[in-house]
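Report on the structure
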Amino acid sequence: MSKKLSKDAYGGVHGKDYVPYISDNSKPGANIAVIIIGLVLSVLFAASTAYSGMKSGLTVAAGIPGSIIGSAFIAAFAKQKGLLGKNIVQGMASGGESVASGMIFVLPAVLLIGANVTFLEGFLTGVGGVLFGVGVASLVHNYLIVEEHGNLMYPESMAISETLVASEGAGDSMKYMGIGFGISGIITVLTGSFLNITNNVISFVNETFYKWKFELEVNPLLLGIGFIVGIDVSLTMFAGSILSNFGILPLIGYFAELAGIDAIVWNDPGTAIYAMQVNNIASSYVKYIGAGMMLCGGIIGAVRLIPTIVASIQETLSAKYSDNDSSSSQGTIILLGGIIILAIISFFMSRNITMAIVGVVVALFLSLLFVIVAGRLTGTIGTSNLPVSGMTIASLVIITLVFVVLGWTDIASNKSLLLFANFIVVSIAIAGGYSQSQKVTYIMGGNKNEMQRYFSLAGIVGVTVVVGTILVLANQLVITGDNPPFALPQANLMSTLTSGIMSGQLPWVMIIVGVVIGLVLFMLNLPIMTIAIGFYLPIATTSIILVGALVRYFIELSCKTEEEKESKVSNGISLSSGLVAGGSIVGLLGIILQVSGVIKGIGPSGFFASNTMAAILLILLIICTSIPIVTSKVNKHE
């Protein structure tokens, strides 16, 4: 019989009763070879994510590709460590990537406002963020990972776990994962991430009367995530996108056309309000409503988690006399290390003692708030779609407002608050990757203390690589114009946001409207953050996630027995894991080859650039994904 995760791995039993894939976790997963492999992958993913993210705004979660690449290295150099060694390696790969995917949002913004940043400033705020994020996420580990087992699905953690299991025992899991990898790899090679010879975005935009936008990106990776998270989460996210693109956007468009000829877009003086197109409305106004929703959802979510935080702290304290003594003390030391590092660096980078104290207090509060939210959200949608930028925007709005109230509005003060924000964004990003890696450790039967140590080490190495990359490229990062060498979409947004608040130029009405919408959702007992994510993300992303969920939904409907449904969904998740893995690895390789100039995708033309071509690609993707699952035989369990 082929090896695969038990159905209990996906829920149905209480977390404390779940029996891990490897029930004897007394053996360590790491040795010198495993640690070296993990550090190499940490450096690889940190550098490539930083470079490609600043170039194009694209980042690729490292958990799945890290688990596959790591499995090959472990098989070659540390075979005796098996699955537990592979687990450590995938966690370390994720640690390096998580740092990069957060830091590129904020640290380059320091350069964009006209200030300079030293290696020590970037390194210490980053390391402080890594340690604080891991430390706080450790406090709520038992609740998020164990108590909520089956309620929080951790879709990408499960995909990584399936990948690790498939790497051991071949059989059905490996077969379906291989099929998914092949499908995803071929489509990714043909599209923008690699050769860019065919259009993969179905796009309809209406610029007259009722302004709206609908897009669907034919992305196998996102379709796989949709299959894994299921119909409920996908529909809720898509509802946010419908509200954004067919409710709020047309409404703003209607009133914008009534504006006078002298009225200009707040952050684009070259564009008149009445002449705004759909993309102007979305980027300059609708996005800030989404940020307000995130802000509201983050605060409410954190307030509701206060009993959990208190319970987790009590549990941690009471565990000092039990077998978990090392876990408690290790997590506490890591957390205190992050706080101490931030306190020390704040006195060197702040203008005065008051700014240092205020900055530390606000940064620690916001980091605590959003680290917990990030850990929980990772359990719902995975790290690939974790709205780090939305939570960072919300944090920046608050900390900048505090600075403005206290009269700190010059460039030097702006630099200080961005460095505090660097601590916050790294904390948020690292918490998502850490929670995901710890869920894999829990499912596989690894040692959580070991993962905590080596994930933290990989994160610190990642900080070193990312800060170094940013400083090496500093002269190119500040170049602007029509075709700058680095687009820096997120960092540009952050610099615009802080400068806008400090100068008084920010659409506060949009932020407040977002907060009010969030409050209404809360009163209706609807999931604020999931809807806000859908509102904030491009509809091209949420629509393909929904397609993946619909594929799973209709496959489940076609099953005549519960045993058949369980078998086909299991095979579908293995195939979806392959889709995510193929899209991640081939996409990452394509971005590296593109930005290094090895390949130059000139872009599709003629029929290959049309919506029809993208629609054909979508149909092929759905057919190729569905047929292997629908025709799969029912697995008989012993």
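Quick look at the structure, then. All of these numbers come straight from a predicted model, not from anything done at the bench.

**Considering the overall build of the protein chain**
- Within the protein chain one finds 23 helices and four strands.
- With the principal axes as the frame, the protein chain shows a C-alpha extent of 75 × 60 × 50 Å.
- Going through the 638 residues of the protein chain one by one, you find that 58% of them count as buried.
- Long-range pairs, those at least 24 residues apart, make up 85% of the contacts in the protein chain between residues at least 6 apart in sequence.
- Entry remark: accessible area of the protein chain is about 24,400 Å², with carbon and sulfur atoms responsible for 65%.
- Of the charged side chains in the protein chain, 28 are positive and 30 negative, and the gap between their average positions amounts to 5 Å.

**Description of the pairing of strand 2 (residues 212–217)**
- Pairing of strand 1 (residues 201–206) with strand 2 involves six bridges; the strand directions are antiparallel. Note on strand 2: the bridge partner recorded for Val 201 is Glu 217.
- Taken together, strand 1 and the strand that follows it, strand 2, pair antiparallel across an intervening segment of five residues, in which Phe 209 is found at a positive phi of about 55°.

**Structural notes on the side chain of Ser 71**
- Here Ser 71 lies in helix 2 (residues 63–77).
- For Ser 71, the residues in contact, after removing those within four places along its chain, are Gly 66, Lys 86, Leu 164 and Ser 167.

**Digging into helix 4 (residues 119–139)**
- For helix 4, spanning 21 residues, the distance from its first C-alpha to its last is 30 Å, which sits close to the expected 30 Å at 1.5 Å a residue.
- Taken across its 21 residues, helix 4 has 16 buried, putting it largely inside the fold.

**Describing a nonpolar patch on the surface**
- A surface patch of nonpolar side chains, amounting to about 840 Å² of accessible area, comprises Leu 336, Ile 340, Ile 344, Phe 347, Phe 348, Ile 353, Ile 357 and Val 361.
- Secondary-structure elements contributing two or more residues to the nonpolar patch are helix 12 (325–349) and helix 13 (353–381).
- Per-element tally for the nonpolar patch: the top contributor is helix 12, with five residues.
- Here Val 361 shows up in helix 13.

**Things to note about the environment of Met 523**
- Checked against the element boundaries, Met 523 lands in helix 19 (residues 508–523).
- For Met 523, a relative accessible area of 68% gives the class exposed.

**A word on the side chain of Lys 568**
- Position of Lys 568 among the secondary structure elements: in helix 22 (residues 562–595).
- Note on Lys 568: relative accessible area 8%, which makes it buried.
- Polar side-chain contacts of Lys 568 include one of 2.8 Å to the backbone oxygen of Val 630.
- Ignoring any residue separated from it by four or fewer positions in sequence, one finds Lys 568 in contact with Ile 555, Cys 559, Ile 629, Val 630 and Ser 632.

**So, the packing of aromatic side chains**
- Tallied over the entire structure, the rule returns eleven aromatic pairs.
- Where Phe 119 meets Phe 123, the ring centres are 5.7 Å apart and the plane angle is 10°; that geometry is what we call stacked. With a gap of four residues between them, Phe 119 and Phe 123 both fall in helix 4, about one helical turn apart.
- Using a relative accessible area of 35% as the deciding quantity, one classes Phe 119 as partly exposed.

**Details of the packing of helix 9 (residues 231–256) against helix 21 (residues 539–558)**
- Packing of helix 9 against helix 21 leaves a shortest axis separation of 9 Å and a crossing angle of 150°. Between helix 9 and helix 21 lies a crossing whose hand is left-handed. Contacts between helix 9 and helix 21 involve Ile 231, Ser 234, Leu 235, Met 237, Phe 238, Ser 241, Asn 245 and Phe 246 on the former and, on the latter, Ile 539, Thr 542, Ser 543, Ile 545, Leu 546, Ala 549, Leu 550 and Tyr 553.
- A per-class count over the contact of helix 9 with helix 21 returns eleven nonpolar, five polar and no charged.

**Some thoughts on unusual backbone geometry**
- Positive phi, close to 45°, is recorded for Tyr 154, a residue that is not glycine.
- Among the secondary structure elements, Tyr 154 is positioned in the loop between helix 5 (141–147) and helix 6 (155–169).
- Under the relative-accessibility criterion, Tyr 154 is labelled buried at 0%.
- Phi at Asn 196 is positive, roughly 55°, even though this residue is not glycine.

**Quick look at the pattern of salt bridges**
- A complete count under the given rule lists six salt bridges for this structure.
- With a closest N to O distance of 3.6 Å, Lys 16 and Glu 147 form a salt bridge. Taken together, the residues span a long stretch of sequence, with Lys 16 in the segment before helix 1 (32–56) and Glu 147 in helix 5 at a distance of 131 residues.
- Among the residues examined, Lys 16 registers a relative accessible area of 61% and is labelled exposed.
- Judged by its relative accessible area of 33%, Glu 147 falls in the partly exposed class.
- Put simply, Glu 556 and Arg 552 hold a salt bridge, and the shortest N to O gap is 3.2 Å. Remark: Arg 552 and Glu 556 occur in helix 21; sequence separation between them is four residues, near one turn of the helix.

**A closer look at the pairing of strand 4 (residues 268–272)**
- Taken together, the two bridges between strand 3 (residues 264–265) and strand 4 define a ladder with antiparallel strand orientation. The residue of strand 4 that forms the bridge with Val 265 is Asp 268.
- Taken together, strand 3 and the strand that follows it, strand 4, pair antiparallel across an intervening segment of two residues.

**Regarding the environment of Glu 556**
- The class for Glu 556 is partly exposed, based on a relative accessible area of 23%.
- As for Glu 556 and Val 569, which are separated by 13 residues in sequence, their C-alpha atoms are 7.3 Å apart.

**Some words on the packing of helix 4 against helix 16 (residues 448–472)**
- Interhelical geometry of helix 4 versus helix 16 gives an angle of 155° and a closest axis separation of 9 Å. One element, helix 4, and the other, helix 16, form an angle in the roughly antiparallel class. The chirality of how helix 4 crosses helix 16 is right-handed. Here Phe 119, Gly 122, Phe 123, Gly 126, Val 127, Val 130, Leu 131, Val 134 and Ser 138 of helix 4 lie close against helix 16, whose contacting residues are Gln 452, Phe 455, Ser 456, Gly 459, Ile 460, Val 463, Thr 464, Val 467, Gly 468 and Leu 471.
- Class assignment for the residues of the contact of helix 4 with helix 16 results in eleven nonpolar, eight polar and no charged.

What counts and what doesn't
Residues numbered from 1 in each chain as written. Predicted model: local features only at pLDDT ≥ 70, side-chain atom pairs only at ≥ 80, totals over all residues. Heavy atoms only, no water. Helix = DSSP H or I, 4+ residues; strand = E, 2+ residues; numbered from the N terminus. Buried < 20%, exposed > 50% of the residue type's maximum accessible area, 1.4 Å probe, protein only. Contact = heavy atoms within 4.5 Å. Areas by Shrake-Rupley, 256 points an atom, 1.4 Å probe, with all protein chains shown as cover. Lys, Arg positive; Asp, Glu negative; His and termini not counted. Charge placed at Lys NZ, Arg CZ, Asp CG, Glu CD. Pairing = 2+ DSSP bridges. Expected span 1.5 Å × (residues − 1). Patch = residues over 30% accessible without salt bridge, like charges linked within 9 Å, V, L, I, M, F, W, Y side chains within 5 Å. Salt bridge = Lys/Arg side-chain N within 4 Å of Asp/Glu carboxyl O. Polar contact = N/O pair within 3.5 Å; in protein donor to acceptor, adjacent residues only side chain to side chain. Phe/Tyr/Trp six-rings, centres within 6.5 Å; stacked < 30°, edge-to-face > 60°. Axes fitted to C-alpha atoms, helices over the stretch in contact; angles between N-to-C directions. Left-handed = near helix turned anticlockwise from the far one by under 90°. Nonpolar A, V, L, I, M, F, W, Y, C, P; charged D, E, K, R; others polar. Parallel < 35°, antiparallel > 145°, perpendicular 65-115°, else oblique.

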